[in-house]
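# Per-entry structural report
Given next are the chains, with one letter for each unit.
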Amino acid sequence: MAAVAAEARVFLEVRRRLQSALLILGDSKEGGLPMAVSVTPSSLRMQSPGGCTELRLPAGVRLAPSTCRGLQHVPGDGLHLRLHARAESRPELISVFNQSSQDQECCTFYCQSCGEVIIRDRMLLRVLPLPGDNWGALVDEWCCHPDPFANKPLHPRENDCFTGDCFYLVNLKSDLWQPRPEGAPVETHHLSSENHLKLKPKANTKVICKRCKVMLGETVSSETTKFYMTEIIILPSERNFPIIPRSQFVQSVLAQCVVELSSARSTFRFTIQGHDDKVYILLWLLNSDSLVIESLGQYTNIKKFPVLEDVLKPDSSSAWNAVKVLYQPCIKSRNAELSSLWENDLSVHSLTLPSTTCLELLLILSKSNATLPPSLRCMNSFQVAFLKM
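Residues numbered from 1 in each chain as written. Predicted model: local features only at pLDDT ≥ 70, side-chain atom pairs only at ≥ 80, totals over all residues. Heavy atoms only, no water.

Stated formally: UniProt positions are given in the numbering used here, feature names are shortened, and annotations may be inferred rather than shown by experiment.
The heading Subunit (unreviewed entry) in the UniProt record of the protein holds the text "Interacts with UBE2C/UbcH10 (E2 ubiquitin-conjugating enzyme). In vitro, interacts with cyclin-B." Reading the Catalytic activity (unreviewed entry) entry of the UniProt record for the protein gives the comment "S-ubiquitinyl-[E2 ubiquitin-conjugating enzyme]-L-cysteine + [acceptor protein]-L-lysine = [E2 ubiquitin-conjugating enzyme]-L-cysteine + N(6)-ubiquitinyl-[acceptor protein]-L-lysine."

Rendered as structure tokens:
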């Protein structure tokens, strides 16, 4: 039979830990068409009066056709069925800082939005995680002597980098005291008074990329600067700057943050707030082991699966790991009561990002939600979305 492009939509979510998959086969035409579906371990085949379409699964993903169950037709979605599935374990994400302390090398800080060099050839001798928010209380409870760290902020030395939940703390003393070339990428504001640097009010502590005017972070003290992970890429100096789509980078950074926090602190609910202290999003992590595969049936008779890409490409062969989240927008006073409850709940963790990035993230979540089959877009009063790892 000659293969003809069919207007079928395929949505597949594979859960690695559960070794299960939800498969939804829909039709873009109102009312649908009669369709014969054939499932093999490595592909799906759909035959309708309009033609035949074969969809090959990514390498490493295998279905168990004999375990198909729960077949039902959901109006607006199409056919739903569940079956056993296996997917290769996702590779561990390796940060530039996950390397031996003996492998000390120069790092360069880039603006992720435009690639401008922020800090060039910085030798980081120590990269240390900052303790949790309640570390001071723990010291009081476990020490039998006065807290030696009381009222002493943790600031990095010249060749240190401290990592927080979604930010880096870097000592820029040498950079501030040395004359900066014209067009330097970081703006800092300081006044001289009694031989000490003093910061202007908070509104003037922003660190701005002079090329693209994106807010990269804030000055914390006269020597310490906070850079947000969603705005900065740190690479060994010998590597070239990678061009990564902005939405993909923001999703990846936030997904890694919430997964690491949920694992380390058993925290699954988050408030996403801007540097202006306003809450923009309420986020609830559901699971972090999803492999989401989606095809809208727009191209040729044989397709490979892009996942949540900005533009679907017929020659894409990659599948994306994703975290599944529930979210509620809080802009324009929406969900104000629920937001207040979450802010006062000790089990909810707050993540601070530049306000513009919070709005970007809200658009990303909304776009992901809109691409889901209608029956999967809501859970109770929350909206559902996937963030690519």
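## A word on the overall build of the protein
Filter applied, for reference: Secondary structure elements are defined from DSSP: runs of H or I of at least 4 residues count as helices, runs of E of at least 2 residues count as strands, and each element is numbered from the N terminus. Here's how the labels work: a residue is buried when its accessible area is under 20% of the maximum for its type, exposed when over 50%, partly exposed in between, all with a 1.4 Å probe on protein chains only. Contact definition: two residues touch when any of their heavy atoms are within 4.5 Å. Here, Shrake-Rupley sampling with a 1.4 Å probe gives the accessible areas, and only protein chains in the shown set may cover a residue.
Scanning the protein from terminus to terminus reveals five helices and 26 strands. Here the protein, with 389 residues, has 44% of them falling under the buried criterion. Expressed as a percentage of contacts within the protein between residues at least 6 apart in sequence, the contacts between residues at least 24 apart total 63%. Accessible surface for the protein amounts to roughly 20600 Å². Of this, 52% is attributable to carbon and sulfur atoms.

## Quick notes on the sheet that holds strand E19 (residues 232–236)
Heads up, the rule is: Paired strands, as defined in this entry, are two strands with at least two bridges between them according to DSSP. An axis is simply a line fitted to the C-alpha atoms; with a helix, the fit covers only the stretch in contact. Between two such axes, the angle follows the N-to-C directions and lies from 0 to 180 degrees.
Across the sheet, three strands lie side by side as E10-E9-E19; this open sheet has antiparallel pairing. Both outer strands of the open sheet, strand E10 (117–123) and E19, are each paired with one neighbouring strand and no more. Averaged over all adjacent pairs, the angle separating strand axes in this sheet is 20 degrees, with direction ignored. In this sheet, E10 lies alongside strand E9 (residues 106–111) in antiparallel orientation, the contact comprising four bridges. When the bridges of E10 are listed, Phe-109 appears paired with Ile-119.

## Focus: the pairing of strand E4 (residues 43–48)
Taken together, the five bridges between strand E3 (residues 36–40) and E4 define a ladder with antiparallel strand orientation. Bridged to Ala-36 within E4 is Gln-47. Between E4 and the antiparallel strand that follows it, strand E5 (residues 51–56), lie two residues.

## With respect to the pattern of salt bridges
Oppositely charged side chains can form a pair if their charged atoms are brought close together. Condition: Only one rule defines a salt bridge in this text: a Lys or Arg side-chain nitrogen within 4 Å of an Asp or Glu carboxyl oxygen.
Applying the stated rule across the entire model yields nine salt bridges. Taking the shortest distance from any N to any O, the salt bridge between Asp-289 and Arg-17 comes out at 3.9 Å. In this pair, Asp-289 is assigned in strand E21 (residues 279–295) and Arg-17 in the loop between strand E1 (8–15) and strand E2 (20–27), connecting sequence segments 272 residues apart. Where Arg-265 meets Asp-165, a salt bridge forms, and the shortest distance between an N and an O atom there is 3.4 Å. Taken as a pair, Arg-265 in helix H3 (residues 246–265) and Asp-165 in the loop between strand E12 (160–163) and strand E13 (167–171) lie far apart in primary sequence, 100 residues in all. Of the residues examined, Asp-165 reaches a relative accessible area of 22% and is grouped as partly exposed. One salt-bridge network, held together by shared partners, links Arg-15, Arg-17 and Asp-289.

## Digging into the nonpolar core
For clarity, the threshold we go by: Nonpolar cores are built from buried Ala, Val, Leu, Ile, Met, Phe, Trp, Tyr and Cys residues. Side-chain atoms within 4.5 Å join them into one set.
Counting 50 residues, the largest nonpolar core has Phe-227, Ile-272, Leu-283, Leu-365 and Leu-387 as the members making the most contacts within it. It is H3 that contributes the most residues to this core, nine residues altogether. Apart from residues lying up to four places away in sequence, Phe-227 is in contact with Ile-118, Ile-119, Phe-167, Tyr-168, Val-170, Leu-172, Val-207, Leu-216, Gly-217 and Ile-232.

## Regarding unusual backbone geometry
Positive phi, normally seen in glycine, also occurs at Lys-332, with a value near 55 degrees. Along the chain, Lys-332 falls in the loop between strand E23 (320–329) and helix H4 (336–343). With phi around 55 degrees, Asn-335 is a residue other than glycine that occupies positive phi space. Along the chain, Asn-335 falls in the loop between E23 and H4. You can call Asn-335 partly exposed: its relative accessible area is 26%.

## So, the state of the cysteines
Threshold: The disulfide criterion used throughout: a pair of cysteine sulfur atoms within 2.5 Å.
Overall, the coordinates contain zero disulfides when judged by the stated rule. Residue Cys-111 stays outside any disulfide, its sulfur separated by 3.6 Å from that of Cys-212, the closest cysteine. Judged by its relative accessible area of 0%, Cys-111 falls in the buried class. Cys-161 takes part in no disulfide bond, and the closest cysteine sulfur, belonging to Cys-107, lies 8.6 Å away.

## A few points about a nonpolar patch on the surface
The cut-off we apply is this: Within the patch definition used here, like charges are joined within 9 Å and nonpolar side chains (Val, Leu, Ile, Met, Phe, Trp, Tyr) within 5 Å, considering only residues with over 30% relative accessible area and no salt bridge.
Together, Phe-268, Trp-284, Leu-286 and Met-379 make up an exposed nonpolar region whose accessible area comes to about 340 Å². If you trace the backbone, Met-379 turns up in strand E25 (residues 378–379).

## Some points on the confidence of the model for the protein
Put simply, the rule reads: The pLDDT value tells you how sure the predictor is about a given residue, anywhere from 0 up to 100.
Predicted confidence across the protein gives a mean pLDDT of 79, with 74% of residues reaching 70 or more. A low-confidence stretch, residues 99–103 (pLDDT under 50), is modelled with one contact involving residues beyond four sequence positions or located in other chains.

## Examining the packing of aromatic side chains
Worth spelling out the cut-off: Each Phe, Tyr or Trp ring, with Trp reduced to its six-membered ring, pairs with another whose centre is within 6.5 Å; inter-plane angles below 30 degrees give stacked pairs, above 60 give edge-to-face pairs, and intermediate values give tilted ones.
In total, this model carries six aromatic pairs according to the counting rule given. Measuring from centroid to centroid gives 6.4 Å for Phe-11 and Phe-386, while their planes differ by 50 degrees, and the two rings are tilted. Of the two residues, Phe-11 sits in strand E1 while Phe-386 sits in strand E26 (residues 382–388), which places them 375 residues apart along the sequence. With a relative accessible area of 1%, Phe-11 lands in the buried category. Exposure remark for Phe-386: the relative accessible area of 1% places this residue in the buried category. With centroids separated by 5.9 Å and ring planes inclined at 90 degrees, the aromatic side chains of Trp-284 and Phe-382 adopt a geometry described as edge-to-face.

## What to know about helix H5 (residues 355–371)
Our working definition: What a helix should span is 1.5 Å times the count of its residues minus one.
The end-to-end C-alpha distance of H5 is 25 Å, a good match for the 24 Å that 17 residues give at a rise of 1.5 Å each. Burial in H5 covers these residues: Ser-355, Thr-357, Cys-358, Leu-361, Leu-362, Ile-364, Leu-365, Ser-368 and Asn-369.

## Notes on the side chain of His-275
Structurally, the position occupied by His-275 is in the loop between strand E20 (269–274) and E21. Judged by its relative accessible area of 16%, His-275 falls in the buried class.

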